[in-house]
Amino acid sequence: MNRTNQALMGPLIGIALVYIIISFVFTILNIYDGEFLIQSIPFSDGGFMPDPIHDAYWSLIGLYTGFSDENVNIITAALFGIGFALVAAGCASKPTRDLKGGSDDPKEYLFTHRPRGFLLCLMIPWNILTAAWRLKKVPIILPIIFVPFMLPFALIADIILAVLFVIVWAVMNIRIKLAASKDRAIYDRDTQYAVCPKCKRNFYQPNVKCMCGLVVSFPVPNKYGVKYHTCNKGHKIPCTNENSARGKMKAVCPHCKGEMFTHDAKPIVLSLVGSVGSGKTTMMLSAIESITALAKDRGIVCEVISDGISVDAQRKKQRALPTRPGELDSEYFFLRSRDLSEKEVVINDISGVEFQPDRDKVLFEEYYRYNDGIIFVIDPLEVLALHHSQSPTKGSKNTPIATLESFYHMYTEINGYGPAVKSTVPFAVVLTKMDDPRTKSAVSAETSPTEFLINHSHKMFVDIAQSAFNTVRYFKVASLGENNNAIEPFLWILTENDKNLKDKLS
């Protein structure tokens, strides 16, 4: 039992025990005074039991004493003493302390808010019967024999518990509603939703994994607790993100059951698009390296989680292997500082093979439904090769135009967009490999990246991009060398989506 429940149950049961102790003392005194009285209200002057009940008790006591007057007071006192002891034992028994949740959500309930809480509260004085039944069915016969002598004390305890329970329940209900409202407002402002890097689905809140391995529902102030929940094994689970306590827990996707971290951070989701060999992965690794350095300079912590963009992977960016075809885990990292609510940056980098036209293609790019920016990567050497080819329109599956058409078909199908719909998602077109002298010379000869594409047989690309997206911006990027600027398209999308990030990183 956690401390909150101890604080709730302790005073209630303690006050009830005080009343039944006083009642027991008065009962014993009256038995020895020759007046068989069960004192239901301490310190009252009268209160003899009604004659039928009085006679029934004397008849029952007669059965225990053999209708003998010898030692009747001692036996009567002993019988009521046993009844009192059984009620007191029920108040401290295991069923009274058992507040565990079910297997679907193994967390300890609040005493006041467990299912059928009021009835279970009234059962507390009788829980010795429940304990005996759970222990072994036969021993329940023993406390049943003494039920008549438990009854007066149990009824007094029930009256006290019922009154106090209603008061405490009302107070806790107010506390839960206030705390839940505050926590939800903070979550909706700073987080909004979570993303699974494995199945790519987004959802309002994930499940979380306790330190003992139990997977429980996302902890918020509710029937399990106001400041923290307790798993059925007794471990604390913070139910607010004060001091980033809840965000430090390992999260579990409610759909695929994959494990991840969310940090209660707002996700900003970027999607990389481009043909095979266009330089997407190298640019991404170079950009993450630059973002980490810039964040450090601005007093922001950059915490990289996924292996694909780790420091080790960044060091090997010059020898980055081609991205494997198929559905891959998203890469993600976090940005946070004292005056900046935490942000989760999620990057989806998939093989250019997936953008090759294929009628039987299985669409797995779920993130296109909620992504915050698209970076379309073009290898200028490929543009030059197609431009100088005798047949620029030949049926290649690996051209920027074919890749754009394939991507946009996937994008509109997943989102259910009609042909006239323009996406509001920022669309960055990146001419990469500017660290290659041939590429840099060819692109720099034109006034802008747009002019380079138009003058080299790719006007259709520019027109499609302009008609499909409201906000399009072109970049020239060197991913390697001292003058690398791979960060620019990433930084543009991040700052377009979050004003606070713009203020901190600009």
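An account of the accompanying structure is given in this report. Since we're looking at a predicted model, the values are computed, not measured.

Calculation rules
- Residues numbered from 1 in each chain as written.
- Predicted model: local features only at pLDDT ≥ 70, side-chain atom pairs only at ≥ 80, totals over all residues.
- Heavy atoms only, no water.
- Core = buried A, V, L, I, M, F, W, Y, C linked by side-chain atoms within 4.5 Å.
- Buried < 20%, exposed > 50% of the residue type's maximum accessible area, 1.4 Å probe, protein only.
- Helix = DSSP H or I, 4+ residues; strand = E, 2+ residues; numbered from the N terminus.
- Salt bridge = Lys/Arg side-chain N within 4 Å of Asp/Glu carboxyl O.
- Phe/Tyr/Trp six-rings, centres within 6.5 Å; stacked < 30°, edge-to-face > 60°.
- Patch = residues over 30% accessible without salt bridge, like charges linked within 9 Å, V, L, I, M, F, W, Y side chains within 5 Å.
- Areas by Shrake-Rupley, 256 points an atom, 1.4 Å probe, with all protein chains shown as cover.
- Arc of directions from axis to C-beta.
- Contact = heavy atoms within 4.5 Å.
- Polar contact = N/O pair within 3.5 Å; in protein donor to acceptor, adjacent residues only side chain to side chain.
- Expected span 1.5 Å × (residues − 1).

**Notes on the nonpolar core**
What tends to happen in soluble globular proteins is that the nonpolar side chains get buried as a cluster.
No. 1: Core analysis: the largest hydrophobic core is formed by 51 residues, its most contacted members being Tyr368, Phe407, Phe427, Leu453 and Phe469.
No. 2: Counting residues per element, this core draws most heavily on helix α12 (residues 400–415), which supplies seven residues.
No. 3: With 40 residues, the next largest nonpolar core counts Ala16, Phe80, Leu86 and Leu99 among its residues.

**So, the pattern of salt bridges**
No. 1: The tally for this structure, following the rule as stated, stands at 20 salt bridges.
No. 2: A salt bridge links Asp312 to Lys316, with the shortest nitrogen-to-oxygen separation between them at 3.3 Å.
No. 3: If you follow the salt bridges from partner to partner, you end up with Asp183, Arg246 and Asp264 in one network.

**What about the packing of aromatic side chains?**
No. 1: This model, assessed by the stated rule, comprises 26 aromatic pairs.
No. 2: Look at Phe80 and Phe149: their rings are 5.1 Å apart centre to centre, the planes differ by 85°, and that puts the pair in the edge-to-face class. Of this pair, Phe80 sits in helix α3 (residues 72–91) while Phe149 sits in helix α8 (residues 147–190), and the two are 69 residues apart along the sequence.
No. 3: The exposure class assigned to Phe149 is buried, which follows from its relative accessible area of 0%.
No. 4: Here Phe407 and Phe469 contribute two aromatic rings whose centre-to-centre distance is 6.5 Å and whose plane-to-plane angle is 10°, an arrangement assigned as stacked. Placement of Phe407 in helix α12 and of Phe469 in the loop between α15 (459–468) and β15 (472–476) is noted, with a sequence separation of 62 residues between them.
No. 5: Judged by relative accessible area, Phe407 falls into the buried class, the value being 0%.
No. 6: On the basis of relative accessibility, which here comes to 1%, the residue Phe469 falls in the buried class.

**Section: a nonpolar patch on the surface**
No. 1: A cluster of nonpolar residues, Ile159, Val163, Ile167 and Val171, forms a patch on the protein surface that exposes about 370 Å² of accessible area.
No. 2: Checked against the element boundaries, Val163 lands in helix α8.
No. 3: A relative accessible area of 48% means that Val163 is categorised as partly exposed.

**Some words on α15**
No. 1: Taken residue by residue, α15 has Phe461, Val462, Ile464, Ala465 and Ala468 as its buried positions. End-on, the buried residues of α15 take up no more than an arc of 165°, which puts them together on one face.
No. 2: Each element contacted by the buried residues of α15 is listed here: β13 (373–378), α12, β14 (427–431), α14 (449–455) and β15.

**Notes on the side chain of Thr112**
No. 1: Within the element layout of this structure, Thr112 appears in the loop between α4 (94–97) and α5 (117–122).
No. 2: At 2.8 Å, the side chain of Thr112 forms a polar contact with the side chain of His113.
No. 3: Not counting chain neighbours up to four residues away, the residues in contact with Thr112 comprise Leu8, Phe165, Val168, Trp169 and Met172.

**What about the environment of His255?**
No. 1: Among the secondary structure elements, His255 is positioned in the loop between β7 (250–252) and β8 (259–260).
No. 2: A sequence separation of 55 residues divides His255 from Lys200, and the C-alpha atoms of the two residues are 9.9 Å apart.
No. 3: Beyond its immediate chain neighbours, meaning those up to four positions away, His255 contacts Cys199, Arg201 and Phe203.
No. 4: Polar side-chain contacts of His255 include one of 3.1 Å to the side chain of Arg201.

**Digging into α12**
No. 1: For α12, which comprises 16 residues, the first-to-last C-alpha distance of 22 Å matches the rise-based estimate of 22 Å (1.5 Å per residue) to within 8%.
No. 2: With 13 of 16 residues buried, α12 lies mostly within the body of the structure.
No. 3: Of the residues flanking the end of α12, it is Gly416, one or two places downstream, whose phi is positive at about 70°.

**Section: the environment of Asn455**
No. 1: Among the secondary structure elements, Asn455 is positioned in helix α14.
No. 2: Since its relative accessible area comes to 37%, Asn455 is described here as partly exposed.
No. 3: Separated by 68 residues in the primary sequence, Asn455 and His387 have C-alpha atoms spaced 8.9 Å apart.
No. 4: Ignoring any residue separated from it by four or fewer positions in sequence, one finds Asn455 in contact with His387 and Glu446.
No. 5: Within the structure, Asn455 has its side chain in polar contact with the side chain of Glu446 (distance 2.9 Å).

**As for the side chain of Thr230**
No. 1: Secondary-structure assignment places Thr230 in strand β5 (residues 228–230).
No. 2: Take Thr230: its relative accessible area is 3%, and that puts it in the buried class.
No. 3: The residues contacting Thr230, other than those within four sequence positions of it, are Asn2, Lys107, Glu108 and His235.

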